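Letter by letter, the chains look like this.
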Amino acid sequence: MPVVNRYAKSQALFAKARELMPGGVSSPVRSFKSVGRDPLFIQSGEGSTITDVDGNSYIDYVMSYGPLILGHSHPAVQAAVAKQISHGASFGCCSASEVELAGMICQAMPAVEMIRFVNSGTEAVMSALRLARGFTGRKVIVKMAGGYHGHVDSLLVQAGSGATTHGHPSSPGIPENVTANTVVIPFNDLPAAQAAFAKFGPQIAAVITEPVMGNIGVVLPRPGYLQALRSLCDDAGALLILDEVMTGFRVHPSGAQALLDVKPDLTCLGKIIGGGLPVGAYGGRRDMMNLVSPAGPVYQAGTLSGNPLAMQAGITTLRLLQDVNIYQHIEELGKQLEDGLRQSAKAARCDISIQRCGSMITPFFSPAGKTVENYADALRCDPAAYSTFFQVLLDEGVLIPPSQFEAWFISSAHTAGDIEKTIALAEKAMRAVAGK
Ligand code: KE4
């Protein structure tokens, strides 16, 4: 009986894609490179499920890396986008939908008094950094080791030898002087933050951090850590930038800043506020935002910024999220998955730390199941174990992010049945890891 290759069409597309696009993908993580498989090419998504070009369906926990909190192909979002495109996609002029979405976000996030739309999280962060430097007249930016804020040159840095030395480029093509003003510190390490301020304080324009880290896997701030960063910034006249591209409207209807009770000067957003279409935004104090062109001298622009399609998808998504039952539902599903994965790990005798914030969750294959509190802890996890875990789940019809260093996302379209199935298959996958 010939073995049927159930991924044949994806593999054929991948072969062609590699000839045309670097790595055959439009974004590195989609290459499945760290989990030893060829990437899937997806045909469609519906609710909690996606289907690849070979007709294989999966319970999806990638969910486009965060935007799809309502699930794939939500009918109201589709209808809003379809209606808008029947009137046109982009005008290069203002539209009422930008004003409407801006109002919804500013209403939800009191620290965001004014907002500027851009087309990606990267653009939002790049612009917020420029604004912070323009407002303070200072150069130094402090970021967390392992923090990912898009492919912004000055933030693609690796920690220097000491905990509070200037960063060095983590990618070719970035001159040393571009990262010379970036200081990298460990997340959740208050003494390191204090040392950075002691050394660079009057030069620091801003600290930027994900309030809950999601790009090394889900890592929560220690109680009081974010508040301590806020105080250090206040004492030094520096700004606090919260990168809520992932957590904004994900972990709370007003973002992680509400959930964790910390008030940033600037907030970066993306993903959910575009409902699955390309979007980003940065916003904050009125006196700062009024420095942004054309109101002020800090330049920033974008052809498709605030485009009506993304605006309408975002408006519809945020309008539906005003039903707080949705947050209750995804919190319950997150808890069910967290408890179930923990039980599976115990049954399979697998060392795993399950870390979650609402509907964002990561199982870390961490030595002795040690809690991951920062990037160094995350790097001690076993990527080979995660790879095995990923492959077994994939072949059983569950798609999780193809990297240990990502968050899984649960949507309001996921069901308790999806979670139960995932937990059962996770135990099988963990046994495969333990058996290796
Ligand atoms: P984009 O430029 O990809 O829209 O956003 C960059 C970004 C900024 N800030 C945070 C906190 C983010 O999580 C991201 C992007 N997240 C990744 C997922 N780890 C996007 C997936 C990808 O790179 O393909």
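Everything in this summary refers to the structure shown in the same document. Every value quoted in this text rests on a predicted model; they were computed, and no experiment measured them.

1. Thoughts on the pattern of salt bridges
This model, assessed by the stated rule, comprises 15 salt bridges. The residue Lys335 makes a salt bridge to Asp339 at a minimum N-O spacing of 2.6 Å. Of this pair, Lys335 and Asp339 are both found in helix H11 (residues 325-347), four residues apart, which corresponds to roughly one turn of the helix. Residue Asp339 is classed as partly exposed on the basis of its relative accessible area of 27%. Notably, a salt bridge pairs Asp377 with Arg380, separated by 2.8 Å at the nearest N-O pair. What you see here is one network of salt bridges that share partners, running through Arg230, Asp234, Asp265, Arg285 and Asp287.

2. Notes on the sheet that holds strand E14 (residues 360-364)
If you walk across this open sheet you meet the three strands as E13-E14-E16, and the pairing is antiparallel. For this open sheet the edge positions go to strand E13 (353-357) and strand E16 (408-409), each flanked by a neighbour on one side alone. Bridge count for E13 against E14 is five bridges, and the pairing is antiparallel. Across the sheet, Ile354 pairs through a bridge with Pro363, a residue of E14. Seen against the sheet, H11 touches E13, E14 and E16 and runs at an angle of roughly 175 degrees to E13.

3. Let's talk about the nonpolar core
Ranked by internal contacts, the top residues of the largest apolar core, which has 50 residues, are Tyr61, Leu337, Phe389, Leu399, Ile400, Trp408 and Met430. Contributing elements (two or more residues each) for this core: strand E3 (57-60), H11, E13, E14, helix H13 (383-395), strand E15 (398-399), E16 and helix H14 (416-435). When residues are assigned to domains, this core turns out to be shared by domain 1 (8-73 + 323-434) and domain 2 (75-320), each giving three or more. For Met430, the residues in contact, after removing those within four places along its chain, are Leu341, Ser344, Ala345, Ala348, Cys350, Ile352 and Phe389. One finds Ala196, Phe197, Phe200 and Leu240 within the second-largest nonpolar core, a separate group that totals 30 residues.

4. Regarding the pairing of strand E5 (residues 140-144)
Walk down a regular strand and you will see the side chains alternate between the two sheet faces. Across the five residues that make up E5, a large majority, five, are buried. The alternating pattern of E5 places Val140, Val142 and Met144 and Ile141 and Lys143 on opposite faces, both of which are buried. In this sheet, strand E9 (residues 204-209) lies alongside E5 in parallel orientation, the contact comprising four bridges. For Lys143, the partnering residue across the bridge sits in E9 and is Ile208. The pairing of E5 with strand E8 (residues 182-185) spans four bridges and is classified as parallel. In the strand pairing of E8, Val142 is matched with Val183.

5. Observations concerning the side chain of Gln257
Along the chain, Gln257 turns up in helix H8 (residues 256-259). Note on Gln257: relative accessible area 7%, which makes it buried. Polar side-chain contacts of Gln257 include one of 3.1 Å to the side chain of Thr267. The contacts of Gln257, once residues within four sequence positions are left out, are Met109, Ala111, Leu242, Glu244, Val262, Pro264 and Thr267.

6. Examining the packing of helix H2 (residues 75-85) against helix H10 (residues 308-320)
The contact between H2 and H10 brings their axes to 9 Å, and the two run at 150 degrees. With respect to each other, H2 and H10 are oriented roughly antiparallel. The handedness of the crossing between H2 and H10 is right-handed. In contact with Ala76, Val77, Ala80, Val81, Gln84 and Ile85 of H2, H10 contributes Pro308, Leu309, Gln312, Ala313, Thr316, Thr317 and Leu320. Looking at the contact of H2 with H10 residue by residue, the classes come out as nine nonpolar, four polar and no charged.

Rules behind the numbers
- Residues numbered from 1 in each chain as written.
- Predicted model: local features only at pLDDT ≥ 70, side-chain atom pairs only at ≥ 80, totals over all residues.
- Heavy atoms only, no water.
- Salt bridge = Lys/Arg side-chain N within 4 Å of Asp/Glu carboxyl O.
- Helix = DSSP H or I, 4+ residues; strand = E, 2+ residues; numbered from the N terminus.
- Buried < 20%, exposed > 50% of the residue type's maximum accessible area, 1.4 Å probe, protein only.
- Pairing = 2+ DSSP bridges.
- Contact = heavy atoms within 4.5 Å.
- Axes fitted to C-alpha atoms, helices over the stretch in contact; angles between N-to-C directions.
- Core = buried A, V, L, I, M, F, W, Y, C linked by side-chain atoms within 4.5 Å.
- Domains from an automatic or database assignment.
- Polar contact = N/O pair within 3.5 Å; in protein donor to acceptor, adjacent residues only side chain to side chain.
- Parallel < 35°, antiparallel > 145°, perpendicular 65-115°, else oblique.
- Left-handed = near helix turned anticlockwise from the far one by under 90°.
- Nonpolar A, V, L, I, M, F, W, Y, C, P; charged D, E, K, R; others polar.

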